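Single-letter residue listing:
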Amino acid sequence: MSQTNLDRKLKHLFDGTDWNVYDDLILNLGVGAPGPDLLENCCDIFQEATKHRLNYEKENLSYLFQYGPTSGPVEVRNAISEYFSTQYIDNPVKSEDLIITTGASQGLHFVLSTLVDLNGIVFVDEVTYMIALDAIKQFTTITIIPLRLNNDGVSVKEFEQILQKKRFQSNSKTFWAMYYTIPAYHNPTGILFSEAICQNLAELAQKYDFLILCDDVYNILNYTIARPPKRLFAYDKGSGNIISNGSFSKIIGPGLRMGWLEVPARLKPILEMSGILNSGGCFNNYTSGILASLFELKLAQVHIDKVSHAYKERMLATCEVLERHLPPSCNWTRPSGGYFIWISLPPLADAAKFLQYCVKDEKVFFIPGSRFAYEPTVAKNCLRLSIAFHSKEKLADGALRFCASLKRFLEEELK
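Attention here is on the structure that accompanies the text. In this text the structure is predicted, and so the values were computed from the model without any measurement.

### Some details on the layout of surface pockets
Okay, step 1: Empty space within the largest pocket amounts to approximately 1100 Å³.
Okay, step 2: Lining the largest pocket are 43 residues, with Leu13, Phe14, Gly32, Tyr129 and Lys250 sitting closest to its centre.
Okay, step 3: Broken down by secondary-structure element, the contributors of at least two residues to the lining of the largest pocket are helix H1 (36-58), helix H3 (104-115), helix H4 (130-137) and strand S14 (367-368).
Okay, step 4: Counting residues per element, the lining of the largest pocket draws most heavily on H4, which supplies four residues.
Okay, step 5: Tallied by class, residues from the lining of the largest pocket come to 27 nonpolar, 11 polar and five charged.

### Quick word on empty space enclosed by the protein
Okay, step 1: A full pass over the atoms with the stated rule returns three cavities of 30 Å³ or more.
Okay, step 2: There is about 60 Å³ of room inside the largest cavity.
Okay, step 3: The wall of the largest cavity is formed by Phe84, Tyr88, Val93, Asp216, Arg231, Ser244, Gly246, Trp260 and Glu262.
Okay, step 4: Broken down by secondary-structure element, the contributors of at least two residues to the lining of the largest cavity are strand S9 (242-247) and strand S10 (259-262).
Okay, step 5: Here the residues of the lining of the largest cavity are counted per class, giving four nonpolar, two polar and three charged.
Okay, step 6: In this structure, the second largest cavity spans a volume of roughly 50 Å³.
Okay, step 7: When the residues that make up the lining of the second largest cavity are grouped by side-chain class, the tally is seven nonpolar, two polar and one charged.

### Considerations on the sheet that holds strand S8 (residues 211-215)
Okay, step 1: Taken in spatial order, the seven strands of this open sheet run S2-S10-S9-S8-S7-S3-S4, and their pairing is mixed. A strand with exactly one partner marks an edge of an open sheet, and here the two such strands are strand S2 (98-101) and strand S4 (143-147). The average angle at which neighbouring strand axes cross in this sheet is 20 degrees, direction not considered.
Okay, step 2: Pairing of strand S7 (residues 175-181) with S8, which is carried by four bridges, proceeds in the parallel orientation. Residue tyrosine 180 lies in a different strand from S8, and its bridge partner there is leucine 213.

### Focus on helix H6 (residues 195-208)
Okay, step 1: In this model, H6 (14 residues) spans 20 Å end to end at C-alpha, consistent with the 20 Å of a helix rising 1.5 Å per residue.
Okay, step 2: The set of residues buried in H6 consists of Ile197, Cys198, Leu201, Ala202, Leu204, Ala205 and Tyr208. Down the axis of H6, the smallest arc covering the buried residues is 160 degrees, so these residues share one side. Exposed and facing more than 90 degrees away from the buried side of H6 are Glu195, Gln206 and Lys207.
Okay, step 3: In the segment just after H6, aspartate 209 is the residue with positive phi, at about 45 degrees.

### Some words on the pairing of strand S15 (residues 382-386)
Okay, step 1: S15 sits mainly inside the fold: five of its five residues count as buried.
Okay, step 2: Of the two faces of S15, the one carrying Cys382, Arg384 and Ser386 and the one carrying Leu383 and Leu385 are both buried.
Okay, step 3: Of the pairings in the sheet, the one linking S14 to S15 comprises two bridges and is antiparallel in character. Note that in S15 the partner of isoleucine 367 across the bridge is arginine 384.

What counts and what doesn't
- Residues numbered from 1 in each chain as written.
- Predicted model: local features only at pLDDT ≥ 70, side-chain atom pairs only at ≥ 80, totals over all residues.
- Heavy atoms only, no water.
- 1 Å grid on protein atoms, 1.4 Å probe; cavity = no way out; pocket = protein on both sides within 12 Å on 5 of 7 lines; lining within 4 Å.
- Points joined across faces, edges and corners; volume = space filled by probe spheres on them.
- Helix = DSSP H or I, 4+ residues; strand = E, 2+ residues; numbered from the N terminus.
- Nonpolar A, V, L, I, M, F, W, Y, C, P; charged D, E, K, R; others polar.
- Pairing = 2+ DSSP bridges.
- Axes fitted to C-alpha atoms, helices over the stretch in contact; angles between N-to-C directions.
- Expected span 1.5 Å × (residues − 1).
- Buried < 20%, exposed > 50% of the residue type's maximum accessible area, 1.4 Å probe, protein only.
- Arc of directions from axis to C-beta.

Written out as structure tokens, the structure is:
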């Protein structure tokens with residue numbers, strides 16, 4: 001039987017799904033992406049930055065359209081270094097430590113395929129970013145081991161006990177294992193790993209010589225402190241066991257496909273000598289140049305401030321409703337930054353069943369907690385809300401409807 005590809009003519013990642021975030025019939029509180037009101041500004045600032053950069057290229061051999069240097073153009077690495085060093089006052093970002101990527105997901109895939117034994121182990125938090133988990137699962141020879149999370153981060157004592165049992169010597173790659181995590185404003189739980197946990201993790205990585213890859217994509221979206229929390233990369237005191245995986249998807253726009261890896265000196269040459277990076281050069285050379293101009297013209301800084309302020313307002317508005325109206329039998333922790341709110345229903349409640357009820361009852365969508373777990377029985381009574389896409393008014397209304405529907409659901413289910 002012949003087969004043909006179907007062109008669905010989709011306009012965005014969420015198009016053609018049952019939970020299209022642009023569909024006014026459903027209020028989607030699940031998607032972790034900026035809304036159109038925040039992205040609209042990109043049209044103007046990128047037009048200006050593109051004109052600026054192309055005028056520069058005409059006078060400088062048009063390197064922007066050539067295979068780029070493997071780490072990425074020095075101009076964009078300097079821009080990232082300078083901007084984030086103003087955020088991380090006590091632990092600056094160094095231009096020479098950076099490798100440009102097309103975003104955090106590609107950074108994860110690149111690091112995993114290059115540095116980690118494919119017969120080795122990837123440790124993940126017991127609930128973690130679900131698409132990253134999907135990507136790791138595609139390396140079918142790798143063993144995935146989930147780690148218990150507390151309110152201040154991973155359970156370090158239990159982690160070390162597992163490391164002692166599982167450690168082996170890899171003969172093929174730099175690392176026998178990797179721990180993938182999101183220590184700052186964790187996805188999906190919203191927690192912030194404590195300084196003590198971060199210090200302990202850095203020490204464990206050195207002691208057992210495994211790699212830690214941190215998705216540091218929410219760090220500067222901090223709503224209760226003056227400066228972003230210290231990233232885990234800064235706790236590595238020269239052993240070279242931690243990589244910071246950054247992205248502009250949350251703070252400028254996902255369509256850029258622009259991110260970076262902050263890599264210790266021990267590991268950067270290995271990544272730069274990989275076949276895929278040597279074959280094509282910089283993963284995103286053209287957009288790197290435009291982004292460099294965006295920072296040079298101070299357009300990126302203003303845009304990031306604007307979206308950060310909007311996210312803070314949206315988080316506060318949503319949390320205020322939850323504080324007043326979430327049923328008392330449910331538990332949640334008010335996040336101090338990032339995109340996400342994690343809610344635990346009573347132990348016997350099924351969040352996936354409540355999702356069906358809530359969509360039918362109030363046309364409100366969210367993501368059940370089990371979607372974020374490697375073990376299917378974990379977090380069945382939990383769920384994640386996202387504050388990123390909608391206005392604070394729409395979020396407040398949606399949170400109120402969510403709470404009302406949840407109250408009715410629990411009364412029916414647990415009576």
